[in-house]
Amino acid sequence: MLNDVTFGQYYPAKSFVHNMDPRAKIVFVIAYIVAIFLAQNFFALAAVTLFLIFCVLLSRVPFGSVLRSVKMILFLIIFTAVLNLFFYSSNSELHILWQWKFITISWESIINMVFLSFRLFLLILGTSVLTLTTTPVALTDGIESLLKPLRLIRFPVHELALIMSIALRFIPTLMDETNRIISAQKARGADFETGGLIKRAKAMIPVLIPLLVSAFRRAEELGDAMDARCYSGAKGRTKYKKLTFTWRDLLGLLAFAALITGIVFLNLYLGGKFAIIDWFLK
Amino acid sequence: MEAVRFENVKYSYREDGKEYAVNGVTLSIEEGQFVAVLGRNGSGKSTLAKLINALLIPSAGSVKVLGMDTSDSKKTFEIRKNAGMVFQNPDNQTVASIVEDDVAFGPENIGLAREEIGKRIDFALNAVGMQAFRTATPSRLSGGQKQRIAIAGVLAIKPRIMILDESTAMLDPKGRREVMDVIKKLNREEKMTVILITHFMEEALEADRAIVMHRGEVVMDAAPEEIFSRSDELEMYNLTLPRAAAICKRLQNAGLPIKNAFNAEELAEELCELLQKA
């Protein structure tokens, strides 16, 4: 039932992308998101898409694994698509295709729907390339390192990173536990498959409560185990893994700089996203 | 040298100090010994374990580890460095999603240099026979393998005393054997003091000394063979004999003239001898 969640799952392979510095990759994903939101027309989005395909090829992660991550937010994509389709108002009467009460469908709303859903789609794919090619540990190390300056204002950077890596580490454990509790409740006659949304949500309560109780018990044991292994906070602690910025990251930096510059030029010379309507109607 | 010394130790989980989980325990464990602590649920054996590495501080009396008093909070770190502890559930003592990062956790905490941490990981994984799994994900390993990783995580700190708090309880027979082999090897080759808390009588047979706890008190303290030959007394504390020993006792009760045997091999030998005589 809960086995097909790819998000946050590492795909082990040896590739250019896998070997990049996690800090660089995090910065690149931010640059990538900026690029997506900078893109004002379909040509710019196409450029981002090509760039993404190139990155996926470089990472040697199968496209199927990358695409699977979209499943998680498919509902969100459809939801924004429908909202945009029905409620985006057009400035020009000529472009309206269909109207009923307060719902209007126009060329603009169709374009807007496609544009926004595609943007969301690219957003998820790009971030999943990061999580597929970077181990959760490297990811938290990267975040810890990037947030280091915040220590100056007494922000608990190390604690935050540790909490994150422990949370990630417990996802599979708690997932197994959930499946076990579901089976146990089913064996006692609980019904999770039939009934409306509310009935099904209610049926989950006998799953969530034991799960919560066991999570607390685990937390307490983990605390003892960490104490027993001499954990005493960030003070006096060393790190085994060292992050190093290499030529790969430099190449990545150049590639992303090129991407963003390219998008700015495509925006400037090829107009906004609605420009194609005029081309079609002419 | 004395590894652990309990001096009339009492511990209560309740604030009013009634109902002692450990009630007046005095004992001494020499360095290099392999001690099994037996007792049924609620006998205070896990509390005893937590008192050793300062996870719990005695309500009365004193616990000394390698001469350091556990109630002295300045010594806590040093005590934990020297007395490592492995818990029951391997899932609840792994902090990282990759084996080597998890093993590195302890050495990182005691502030070792990077090269030294690398060496410690090699040493610890080698000792538990898990070198091949250095970059594996613990959640995909078997129970016995996970518990060996947990042991490696403690070993990497290089403690002189290793406490195992029912560390084999959740494992299948194969996993249990794996863990016991590792523990015995550490005791023999690294001269590590081992304190094994268990409710498997078979495991106690592999120790030099067995301690039986009942209602917070030490009621028996002798070589395992001696303890298992006092089976009536054991029964009083709701403990059973190892299976082979139980069979042997029934045969003796049925009138067969054989000596006490505690494991399958000894029993088989006794029976062979008897058959040859007949």
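Here, every reference points to the structure presented above.
Computed from a predicted model, the values in this text were never measured in an experiment. (Residues numbered from 1 in each chain as written. Chains lettered and ligands numbered in written order. Predicted model: local features only at pLDDT ≥ 70, side-chain atom pairs only at ≥ 80, totals over all residues.)

Asker: Please clarify how the overall build of chain B should be interpreted in this entry.
Answerer: Scanning chain B from terminus to terminus reveals 11 helices and 10 strands. The globule rule puts the C-alpha radius of gyration for 278 residues at 19 Å, and the 20 Å found for chain B is close to it. When the 278 residues of chain B are sorted by exposure, 49% land in the buried category. Relative to all contacts within chain B whose residues are 6 or more apart in sequence, the contacts with residues 24 or more apart total 62%. (Helix = DSSP H or I, 4+ residues; strand = E, 2+ residues; numbered from the N terminus. Rg over C-alpha atoms; globule rule 2.2 N^0.38 Å. Buried ≥ 20, exposed ≤ 12 C-beta atoms within 10 Å, placed from the backbone. Contact = placed C-beta atoms within 7 Å.)

Asker: Before we go on, may I ask you to explain the sheet that holds strand β8 (residues 193-197) of chain B in this structure?
Answerer: Across a sheet, paired strands are connected by hydrogen bonds in the backbone, their directions being either parallel or antiparallel. Residue and element names in this part refer to chain B. The mixed open sheet is built from six strands, whose spatial order is β6-β7-β8-β3-β9-β10. Single-partner strands in this sheet number two, and they are β6 (83-86) and β10 (217-222). Strand after strand, the sheet turns through a mean of 20° between neighbouring axes, direction not considered. Pairing of β6 with strand β7 (residues 161-165), which is carried by four bridges, proceeds in the parallel orientation. Bridge assignment links Val86 to a residue of β7, and that residue is Leu164. The strands touched by helix α1 (residues 45-52) within the sheet are β3 (34-38), β6, β7, β8 and β9 (209-214), with β8 carrying the most contacts at an inclination of about 150°. Taken strand by strand, helix α5 (residues 143-155) contacts β6 and β7, and its axis lies near 165° from that of β6. (Pairing = 2+ DSSP bridges. Axes fitted to C-alpha atoms, helices over the stretch in contact; angles between N-to-C directions.)

Asker: Help me understand the sheet that holds strand β2 (residues 20-30) of chain B, please; the structure alone is not making it clear to me.
Answerer: All names here are of chain B. Strands sit in the order β2-β1-β4-β5 across an open sheet of four strands; the sheet is antiparallel. Looking along the sheet, the strands with just one partner apiece sit at the ends: β2 and β5 (68-69). Docked against the sheet, α1 engages β1 (2-12), β2 and β4 (60-65), running at close to 60° with respect to β2.

Asker: What exactly am I supposed to notice about the packing of helix α7 (residues 157-187) of chain A against helix α9 (residues 205-228) of chain A here?
Answerer: Each pair of packed helices can be described by the angle between their axes along with the distance between the axes. Residues and elements named next belong to chain A. One way to put it is that α7 packs onto α9 with a least axis distance of 9 Å and a crossing angle of 135°. For the element pair α7 / α9, the angle class is oblique. Crossing of α7 against α9: the hand is right-handed. Along the contact surface, α7 presents Leu174, Glu177, Thr178, Ile181, Ile182 and Gln185, while α9 presents Pro206, Val207, Pro210, Leu211, Ser214 and Ala215. For the contact of α7 with α9, the residue count by class is eight nonpolar, three polar and one charged. (Parallel < 35°, antiparallel > 145°, perpendicular 65-115°, else oblique. Left-handed = near helix turned anticlockwise from the far one by under 90°. Nonpolar A, V, L, I, M, F, W, Y, C, P; charged D, E, K, R; others polar.)

Asker: Explanation requested: the interface of chain B and chain A in the structure shown.
Answerer: Often, the extent of an interface is quoted as the loss of accessible area on bringing the components together. Each side of the interface is counted separately: chain B has 33 residues, and chain A has 27 residues. The set of elements that each furnish at least two residues to the side of chain B that touches chain A consists of α2 (76-82), β6, α3 (99-109), α4 (114-127) and α5 of chain B. Considering each element in turn, the side of chain B that touches chain A owes the most residues, six residues, to α3(B).

Asker: Please explain the packing of helix α2 (residues 42-59) of chain A against helix α5 (residues 107-133) of chain A as it appears in this structure.
Answerer: Residue and element names in this part refer to chain A. Running from amino to carboxyl end, α2 crosses α5 at an angle of 20°, the nearest separation of the two axes being 11 Å. In terms of axis orientation, α2 runs roughly parallel to α5. Considering only the axes of α2 and α5, their crossing is left-handed. Contact with α2, carried on its side by Leu45, Val48, Thr49, Leu52, Cys55, Val56 and Ser59, involves Phe118, Arg119, Leu122, Leu125, Gly126, Val129 and Thr133 of α5 and no other residues of that element. The class makeup of the residues in the contact of α2 with α5 is nine nonpolar, four polar and one charged.

Asker: In this structure, what is going on with the nonpolar core? I would like to understand it.
Answerer: Where a protein is soluble and globular, its nonpolar side chains tend to be buried together. With 95 residues, the main nonpolar core has Val35(B), Val37(B), Ala152(B), Ile195(B) and Leu196(B) as its most contacted residues. In terms of residue count, α5(B) provides more of this core than any other element does, six residues in total. Of the residues that make up this core, three or more belong to each of domain 1 (1-156 + 244-282) and domain 2 (158-233) of chain A. Val35(B) has contacts with Ile29(B), Val194(B), Ile195(B), Leu196(B), Ala207(B), Asp208(B), Arg209(B) and Ile211(B), leaving out every residue within four places of it along the chain. Listed in part, the 27 residues of the second largest apolar core include Leu122(A), Leu125(A), Leu130(A) and Leu266(A). (Core = buried A, V, L, I, M, F, W, Y, C linked by C-beta atoms within 7 Å. Domains from an automatic or database assignment.)

Asker: In this structure, what is going on with the pairing of β4(B)? I would like to understand it.
Answerer: Strand residues, when the strand is regular, have side chains that alternate between the two faces of the sheet. Residues and elements named next belong to chain B. Examined bridge by bridge, β1 and β4 share five bridges and lie antiparallel to one another. By the bridge assignment for β4, Glu7 is matched with Ser62. For β4 and β5, the ladder comprises two bridges, and the chain directions are antiparallel. If you follow Lys64 over to β5, its bridge partner there is Asp69. The loop that links β4 with its antiparallel partner β5 comprises two residues; one of these, Leu66, has a positive phi angle of about 50°.

Asker: Is there a simple way to explain α9(A) in this structure?
Answerer: Structurally, the α-helix is built with 3.6 residues per turn, so residues lying three or four positions apart point the same way. In this model, α9(A) (24 residues) spans 35 Å end to end at C-alpha, consistent with the 34 Å of a helix rising 1.5 Å per residue. Buried residues of α9(A): Val207(A), Leu222(A), Ala225(A) and Ala228(A), and no others. On its buried face, α9(A) is in contact with α7 of chain A together with α2 and β6 of chain B. One or two steps after α9(A), the chain reaches Cys230(A), where phi turns positive at roughly 70°. (Expected span 1.5 Å × (residues − 1).)

Asker: What is the right way to look at the pairing of β7(B) in this model?
Answerer: All names here are of chain B. Most of β7 sits inside the fold, with five of its five residues counted as buried. Residues Ile161, Ile163 and Asp165 of β7 are buried on one face, and the alternating residues Met162 and Leu164, pointing to the opposite face, are buried as well. Pairing of β7 with β8 involves five bridges; the strand directions are parallel. By the bridge assignment, Met162 is partnered in β8 with Val194. Handedness of the crossover joining β7 and β8 through helix α6 (residues 173-189) is recorded here as right-handed. (Right-handed = clockwise from strand over helix to strand, strands pointing away.)

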